[in-house]
Structure formats: structure tokens, C-alpha cells
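Each chain is listed here by its residues.
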Amino acid sequence: MTRQYFYLTQLNVSCKNRYKRLINICFPEFEEIFKGSRIYEETALNFIKTFPHAYIVKEKRIDALYNNLYKTNSRHDYYYKRLANKIKEISLNSYPGVDKEHSDVKNLSDMASILQENIKTINKLKDKMIETAKESPYFDIINSFYGIGEVLTTELLGELGDITRFDNHKQLIAFCGLDPTIIQSGKSINVHGTISKRGNKYARWILFNISQMVVKLGHQCPNHPVYNYYLTKKAEGKHYYESLTACSTKILRMLYTMCKNNTTFKMIAESPKLLDDAIEQINGEPNVSFVMFTGDLIDKSFEKELSAFLPHTQNLNVPWYFSFGNHDTMIGGYLTPRVYMDMVNKY
């Protein structure tokens, strides 16, 4: 189903381009009313199917235009009366490239009908795909990843299937053709070449779209690890597409780990929840003798940050130890090792 969905959406892009070109010929001012993607909405398509030329609109009465608009979505009648008047007004000053008897006028009407049918078919298929994908135990896990909606989750599952069947993330990356090529010349070996592109091109395309979505939403979620990774790559001087490809690989590694461990996506901003989840998993393990925190228990060396961290350690069922990290006593705050230890010893 995912391949059929991919094919139909790509076909629909061509239909939309053709539809828009014909509008520019038959009624160029129409886009002033239905701006951007609104020109592909049901209201616009139904109107153009009936009135595919500026001169045809010019000859019609306002009530005829209004009735066509109103019967599509049945919003408030005042809205459609105002819209009908606007369309009538721009048609009076329109300068189409062909007359109303030209064959492109009928072509435009036909293209509007084709788009309507395509959109209905795509929506039905999309609903069926999502319904089927939700039966997978990994649907909710992948869908929890910020930037991956139900459709992208469905498409990815359709291409990858059971992600956990791979022995490690490197096999999964190679399956998608995101593994680097190895260039060898004599004794010189470069393992950081371009991606091989030997794997599943559809999965690669889906992952690229996910990367674009995460970057697009980055301003809303500045702590997203993939967005920060993208900024790092850009700072290194990488091209936009090269950075997105690197993000695709990172996303794949993260999704593989999430599915293997049966854990959903959580943001760094939710650090207390992440810590509690980790402690709960540790407490569920029968053979754990102690826990070792290997530094950087806090981000900046302030008492309030350490005071926020320490109460969580009381939930551990085994003894715990730690070593100092540079963030614990050196970065951003004033905590000294002595004050730090005095606070820890209270717990």
C-alpha cells in the first residue's frame, strides 16, 4: 500500500502542476482569491470545474457563483456571498491567455475533476494504511518521535517492516542505502565517502522528509537532538542536503534503539522523566549490585540543579556512586567539590 500511496502522491504532484499552468492561462487572477495550497481545496476545484474561464465567470450572475461555492462546504452564507463578489470583480478585469472556446478551457475543467478523484483515492488509501500500520507494536514508538506524524510512521513501517530483525543499527542503515562508500587506493582507505544508495530508495526518501520536518519545526523544539545535530553539521560547513542526509542516519539509529528497547521518544527538556524511567528500568533488573553515575549529574554547577537531581536517587533500590564531571563543578556556577559532597552526603 505504501508504494501505491507514493506513486499516487507523485502522480498528483504532476496533476497539480498541470492544473496550475492551465489556471494561469484561463483565469490567472483566480490565484489572488485562493492563495497557495488553497487553490487545490475542494471549494476551488469544484468552482473551476464548473467555471473554467474568466469570461464564463463574467457572464454568470452572482447567485450562480454563490450557489456553487456554498454547496461545497456549507460555511456561513455571508462568507460565500462575499467570496462570489470578489471572484466576479476580478473576472471583470481579467486578461486570460486564451478565449473561452479554446480546448485548454475544457482541459482545465477535466483536470479539476481528475484532481478531485485523485485526492479522494489518496485519502481513502491513507486511512487504510494508517489503520493497518497501527497493528504494528512499533507504531506508537515511532509516532512518538517529534516530527514524525501518522502518515510518515505508516510509510516508514511499510518500507522497513520489523525494525528489530536487524542485528544492529549498521545493518539497518545499509538496508536504507545510507551507509558510506569505501574508497580504496593502494594502502589508502577512505571510509567517509558519499552514501552508497544501494538500499531502499523509498525508505531513504521518507527519512529525508522526516529530517526536513524536524529542521522545519526546530524553532518550536530547539532541544531536539536531531535539530541540534543539523546545526552542528551546518556549522561544520556541510551543505543543506548533506546535513539532512546525516540527520537521516541519526534518526534511523535513534528509531532502531527505541524499537529495540521498547521506549518512546522523550526530549532533553524532560530530563526528570528520563531519569525516573532509567531508575525504574534499573530497579526491574534482578542482577544489579550498584549504579555508577559517570559525571555531569547536572548541566551547570548551581545548588538548585543538584537539589533537583538528588531526590530522584532515593528511588534506587541499590547503592549508587558517582564521579565528578566538568559540568558538576566547573561550568556556569559556583559549586565547589566540598559543597557538592556535603549536599550529596545528605542523601
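Everything here concerns the structure above.
Residues numbered from 1 in each chain as written. Predicted model: local features only at pLDDT ≥ 70, side-chain atom pairs only at ≥ 80, totals over all residues. Heavy atoms only, no water.

1. Observations regarding the overall build of the protein
Part 1 of the argument: When its secondary structure is counted, the protein shows 16 helices and four strands.
Part 2 of the argument: In terms of overall size, the protein is more extended than a compact globule, its C-alpha atoms giving a radius of gyration of 29 Å where 347 residues would be expected to give roughly 20 Å.
Part 3 of the argument: Its C-alpha atoms give the protein principal-axis dimensions of roughly 85 × 60 × 40 Å.
Part 4 of the argument: Here the protein holds 347 residues, and 41% of them are scored as buried.
Part 5 of the argument: Excluding contacts between residues fewer than 6 apart, the proportion of contacts in the protein whose partners are at least 24 apart in sequence is 67%.
Part 6 of the argument: Of the accessible surface of the protein, which amounts to about 19,700 Å², a share of 51% is contributed by carbon and sulfur atoms.
Part 7 of the argument: Each charge class in the protein can be summarised by its mean position, and for the 44 positive and 37 negative side chains these summaries are 6 Å apart. (Helix = DSSP H or I, 4+ residues; strand = E, 2+ residues; numbered from the N terminus. Rg over C-alpha atoms; globule rule 2.2 N^0.38 Å. Buried < 20%, exposed > 50% of the residue type's maximum accessible area, 1.4 Å probe, protein only. Contact = heavy atoms within 4.5 Å. Areas by Shrake-Rupley, 256 points an atom, 1.4 Å probe, with all protein chains shown as cover. Lys, Arg positive; Asp, Glu negative; His and termini not counted. Charge placed at Lys NZ, Arg CZ, Asp CG, Glu CD.)

2. What to know about helix α5 (residues 77-92)
Part 1 of the argument: When the terminal C-alpha atoms of α5 are compared, their 23 Å separation across 16 residues agrees well with the 22 Å that a helix rising 1.5 Å per residue should span.
Part 2 of the argument: Every buried residue belonging to α5 is among Tyr79, Tyr80, Leu83, Ala84, Ile87, Lys88, Ile90 and Ser91, and all of these are buried. One face of α5 carries all of its buried residues, which in axial projection span an arc of 165°. Along α5, exposed side chains directed more than 90 degrees from the buried face belong to Tyr78 and Glu89. (Expected span 1.5 Å × (residues − 1). Arc of directions from axis to C-beta.)

3. Re the nonpolar core
Part 1 of the argument: Counting 37 residues, the largest nonpolar core has Ile142, Phe145 and Ile210 as its most contacted members.
Part 2 of the argument: Every element with two or more residues in this core is listed here: α6 (103-133), α7 (139-143), α8 (150-160), α9 (169-175), α10 (201-216), α11 (225-235) and α12 (240-261).
Part 3 of the argument: The element best represented in this core is α12, accounting for nine residues.
Part 4 of the argument: Not counting residues up to four positions away in its chain, the partners in contact with Phe145 are Val214, His224, Val226, Ile251, Met254, Leu255, Met258 and Phe265.
Part 5 of the argument: In terms of nonpolar packing, the next biggest core, distinct from the first, is built from 34 residues, Ile23, Leu45, Phe51 and Val57 among them. (Core = buried A, V, L, I, M, F, W, Y, C linked by side-chain atoms within 4.5 Å.)

4. A few points about α8
Part 1 of the argument: Of all eleven residues in α8, eight are buried; the element is thus mostly enclosed.
Part 2 of the argument: Of the residues making up α8, those classed as buried are Leu152, Thr153, Thr154, Glu155, Leu156, Leu157, Glu159 and Leu160.
Part 3 of the argument: Here the buried face of α8 lies against α1 (2-26), α6, α7, α9, α10 and α12.
Part 4 of the argument: Taken from the residues just after α8, Gly161 is the one with a positive phi, measuring 65°.

5. Some details on the packing of α1 against α8
Part 1 of the argument: At their nearest, the axes of α1 and α8 sit 9 Å apart, and the two run at 125° to each other. The angle between α1 and α8 falls in the class oblique. For the pair α1 and α8, contact is made by Thr2, Arg3 and Tyr5 and by Val151, Thr154, Glu155, Gly158 and Glu159, respectively.
Part 2 of the argument: When grouped by side-chain class, the residues that make up the contact of α1 with α8 number two nonpolar, three polar and three charged. (Axes fitted to C-alpha atoms, helices over the stretch in contact; angles between N-to-C directions. Parallel < 35°, antiparallel > 145°, perpendicular 65-115°, else oblique. Nonpolar A, V, L, I, M, F, W, Y, C, P; charged D, E, K, R; others polar.)

6. A short note on the packing of aromatic side chains
Part 1 of the argument: Counted according to the given criterion, the structure contains 22 aromatic pairs.
Part 2 of the argument: For the pair Phe47 and Phe51, a centre-to-centre distance of 5.0 Å together with 55° between the ring planes defines the contact as tilted.
Part 3 of the argument: Ring geometry for Phe322 and Tyr340: centres 5.6 Å apart, planes at 35°, overall tilted. On the criterion of sequence distance, the pair formed by Phe322 in strand β4 (residues 320-322) and Tyr340 in helix α16 (residues 337-345) is long-range, its members being 18 residues apart. Residues Phe322 and Tyr340 agree in their burial class; the two are buried.
Part 4 of the argument: Connected via pairs of aromatic rings, a cluster forms that spans Phe293, Phe309, Trp320, Phe322, Phe324 and Tyr340.
Part 5 of the argument: When the ring centre of Tyr40 is taken as reference, the NZ or CZ atom of Lys16 above it lies at 4.9 Å. (Phe/Tyr/Trp six-rings, centres within 6.5 Å; stacked < 30°, edge-to-face > 60°. Lys NZ or Arg CZ within 6 Å of the ring centre and 35° of its normal.)

7. A closer look at the state of the cysteines
Part 1 of the argument: Applying the stated criterion across every chain, the model contains zero disulfides.
Part 2 of the argument: Summary of cysteine pairing: Cys15 is not part of a disulfide, and the nearest cysteine sulfur, belonging to Cys26, is at 16 Å.
Part 3 of the argument: Cys15 sits in the buried class, given a relative accessible area of 11%. (Disulfide = S-S within 2.5 Å.)

8. A look at a nonpolar patch on the surface
Part 1 of the argument: On the surface, a nonpolar cluster with roughly 330 Å² of combined accessible area is contributed by Phe290, Met292 and Tyr321.
Part 2 of the argument: As for its position among the elements, Tyr321 is in strand β4. (Patch = residues over 30% accessible without salt bridge, like charges linked within 9 Å, V, L, I, M, F, W, Y side chains within 5 Å. Salt bridge = Lys/Arg side-chain N within 4 Å of Asp/Glu carboxyl O.)

9. Quick notes on the environment of Gly158
Part 1 of the argument: By the secondary structure assignment, Gly158 is in helix α8.
Part 2 of the argument: Overall, Gly158 belongs to the partly exposed group, its relative accessible area being 43%.
Part 3 of the argument: Sequence separation between Gly158 and Arg3 is 155 residues; the distance between their C-alpha atoms is 8.4 Å.

10. Here we look at a positive patch on the surface
Part 1 of the argument: There is a patch of like positive charges on the surface, built from Lys49, Lys71, Lys120 and Lys124.
Part 2 of the argument: By secondary structure assignment, the location of Lys71 is in helix α4 (residues 62-73).
Part 3 of the argument: Overall, Lys71 belongs to the exposed group, its relative accessible area being 59%.

11. Overview of the pattern of salt bridges
Part 1 of the argument: Under the definition given, this model contains ten salt bridges.
Part 2 of the argument: In this structure, Glu59 and Lys100 form a salt bridge, with 2.4 Å as the shortest nitrogen-oxygen distance. With Glu59 in helix α3 (residues 54-59) and Lys100 in the loop between α5 and α6, this pair connects stretches of sequence that are 41 residues apart.
Part 3 of the argument: The exposure class of Glu59 is exposed, given its relative accessible area of 53%.
Part 4 of the argument: Glu150 serves as the salt-bridge partner of Lys134, at 3.3 Å between the closest nitrogen and oxygen. Of this pair, Lys134 sits in the loop between α6 and α7 while Glu150 is found in helix α8, placing the two residues 16 residues apart along the sequence.
Part 5 of the argument: Classification of Lys134 by relative accessible area gives partly exposed; the value is 46%.

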